[in-house]
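Okay, here's what each chain looks like letter by letter:
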Amino acid sequence: SWVLDPSSGQMTWSEETFRIFGFSHTTMDVDFDDFLRRIHENDRQRIKDGLAKSVSSGEEFSSEHRVMQNDGTQRWVQTIARPGHNEHEVLLRGAIMDVTERKEAVEALKRSQELLRELTAYQDRIKEDERKRIAREIHDELGQTLLALRIDVSMLEARTGGTHPRLNQKVHNAQIG
């Protein structure tokens, strides 16, 4: 957890907040600028604006964003802040939770799902290619068989023309029908 005095910019961090930001000691003084400097540059303005809006509107602010630890390691956190009062001062009370493992698990799941989609599409292409290959083989084999049969029927018609007229007529009808 942390507490921000918006008028002075002074902050108080819990031991866990120091740990999330990668500090081993918890005795240093921090202010809002220190806090903002540790937020990833691409998220910094959004967090600053959200916290300012929370102070001015009295509404809760919640956001996932990246922070940079003291050693340069990037972590994902969930920040939730609510305005409150301490005697006559407006304070912003917040909690920050490390959600890096959850974000990494979600990203790994997304990558896994994408890989599964690609694998399924590849498998479908392979199946379709195999179907086409089998259909071509069947077509070619059937075509060759029909051609051989047609040649045999033609030869049978030629041989039965003078000796077996009824058989010859049936062979002739089979050949044109």
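Worth saying up front: this structure is predicted, and the values here are computed from it rather than measured. (Residues numbered from 1 in each chain as written. Predicted model: local features only at pLDDT ≥ 70, side-chain atom pairs only at ≥ 80, totals over all residues. Heavy atoms only, no water.)

Enquirer: Can you walk me through the pattern of salt bridges in this structure?
Expert: It is possible for side chains bearing opposite charge to pair when their charged atoms get close. Taken as a whole and assessed by the stated rule, the structure comprises 13 salt bridges. Note that E130 is salt-bridged to R133, the shortest N-O span being 2.3 Å. Remark: R133 and E130 occur in helix α4 (residues 100-160); sequence separation between them is 3 residues, near one turn of the helix. Classification of R133 by relative accessible area gives partly exposed; the value is 32%. Each of D43, R46 and R66 takes part in salt bridges that share partners, so that together they form one network. (Salt bridge = Lys/Arg side-chain N within 4 Å of Asp/Glu carboxyl O. Helix = DSSP H or I, 4+ residues; strand = E, 2+ residues; numbered from the N terminus. Buried < 20%, exposed > 50% of the residue type's maximum accessible area, 1.4 Å probe, protein only.)

Enquirer: Would you mind showing me how to read α4 here?
Expert: The terminal C-alpha atoms of α4 lie 89 Å apart, and with 61 residues this matches the ideal 90 Å at 1.5 Å per residue to within 8%. Within α4, the full set of buried residues consists of T100, E157 and T160. Each element contacted by the buried residues of α4 is listed here: β5 (74-86), β6 (89-98) and α5 (165-176). (Expected span 1.5 Å × (residues − 1). Contact = heavy atoms within 4.5 Å.)

Enquirer: Hey, could you run me through the side chain of N168 in this one?
Expert: On the secondary structure map, N168 appears in helix α5. The contact partners of N168, leaving out residues within four places of it in the chain, are E157, T160 and G161.

Enquirer: Just checking my understanding: could you explain the sheet that holds β6 for this structure?
Expert: The pairing of strands in a sheet happens through backbone hydrogen bonds and is either parallel or antiparallel. Strand order in this open sheet of 6 strands is β3-β2-β1-β6-β5-β4, and the pairing throughout is antiparallel. Looking at strand neighbours, the two that pair on one side only are β3 (30-31) and β4 (61-68), the edges of this open sheet. Packed onto the sheet, helix α3 (residues 41-57) meets β1 (2-4), β4, β5 and β6 and runs at close to 145° relative to β4. On top of the sheet, α4 reaches β4, β5 and β6; it is set at about 135° to β5, its chief contact. (Pairing = 2+ DSSP bridges. Axes fitted to C-alpha atoms, helices over the stretch in contact; angles between N-to-C directions.)

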